[in-house]
Amino acid sequence: MSRPVPRLESAGLDGWLVRLFDDIDEANLAWIEALMGACEENFGAALIDLVPSYTTLLVCFDPLRMDGGEARRRLLTLLAELRPREGDAESAPLKTLPVWYDESVGPELKRLAAGFAGDIAAVIHAHTQVEYRVFALGFAPGFAFMGGLPASLEAPRLATPRRRVPAGSVAVAGRQTAAYPTVSPGGWNLLGRTPMALFDRHRQGHSLLVVGDRVRFEAVDRETFIELGGDPTPMEEGA
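The rules we used
- Residues numbered from 1 in each chain as written.
- Predicted model: local features only at pLDDT ≥ 70, side-chain atom pairs only at ≥ 80, totals over all residues.
- Heavy atoms only, no water.
- Helix = DSSP H or I, 4+ residues; strand = E, 2+ residues; numbered from the N terminus.
- Buried < 20%, exposed > 50% of the residue type's maximum accessible area, 1.4 Å probe, protein only.
- Polar contact = N/O pair within 3.5 Å; in protein donor to acceptor, adjacent residues only side chain to side chain.
- 1 Å grid on protein atoms, 1.4 Å probe; cavity = no way out; pocket = protein on both sides within 12 Å on 5 of 7 lines; lining within 4 Å.
- Points joined across faces, edges and corners; volume = space filled by probe spheres on them.
- Nonpolar A, V, L, I, M, F, W, Y, C, P; charged D, E, K, R; others polar.

**Student:** Would you mind showing me how to read unusual backbone geometry here?
**Tutor:** Note on backbone geometry: most residues besides glycine have negative phi, and most peptide bonds are trans. Residue Ala-117 is not a glycine yet carries a positive backbone phi of 55 degrees. Residue placement: Ala-117 occurs in the loop between helix H4 (109-112) and helix H5 (120-128). Judged by relative accessible area, which is 79%, Ala-117 ranks as exposed. Within the chain, Phe-139 stands out as a residue other than glycine whose phi angle is a positive 70 degrees. Residue Phe-139 is classed as exposed on the basis of its relative accessible area, which comes to 56%.

Structure (structure tokens):
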């Protein structure tokens, strides 16, 4: 695992963006998680938020408790001593999301099946046989970007995003997969729908999935999906 050569970029009076990598790679997560832990220990009460992505970490601090210069000095010290966390992939929480894969709620299933000789069951099998990692939260509260999508399922975003994607929609784009936590516009390829509440303001931490989690998708039938609280309403025409 090669050591990153980080760059610090100002993010205003109360933040520094630490750019650890230039390319997306699953190995990046061990370094980013290590830096998150180090910041939590070192910044103490001055730390406001940590926002990780595939290649960067945004460190937000309270400028009334710590000025930008001090925050930068602390980050440089932490980066000089940084070591990747070992074994986190195996020890990270494993969360399973039940999914009803069906063309009525997954309109791109048939198109992706073209790469599997038209076999939709093969698409579902490919999507459910992988253990994904959550690399970042963004776009919308509770929207988890997950990496490790098989190359056979790789697909570009839609040329024209949909105006309304139902909550719980499970989708792929590029080499990523995700599930929409709330109704929103979106341009990812929809495969099915999960009944799980991905974002809940009354839940501690709000988001069901957090950075570092391991995630598996599990295919369920329509009846089970409904029993678990899922909404089977088909996608709207032209949505």
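**Student:** Can you help me understand the side chain of Arg-162 in this one?
**Tutor:** Examined against the element boundaries, Arg-162 turns out to sit in strand E8 (residues 162-165). Using a relative accessible area of 11% as the deciding quantity, one classes Arg-162 as buried. At 2.8 Å, the side chain of Arg-162 and the side chain of Glu-108 are in polar contact.

**Student:** Honestly, empty space enclosed by the protein in this entry has me stumped. Any pointers?
**Tutor:** Regions of empty space are outlined by a rolling probe, equal in size to a water molecule, passed over the atoms. Considering all chains together, one arrives at one cavity of 30 Å³ or more under this definition. As a volume, the largest cavity reaches approximately 30 Å³. Lining the largest cavity are Arg-3, Pro-4, Pro-6, Trp-31, Leu-79 and Leu-82. Residues that form the lining of the largest cavity fall into these classes: five nonpolar, no polar and one charged.

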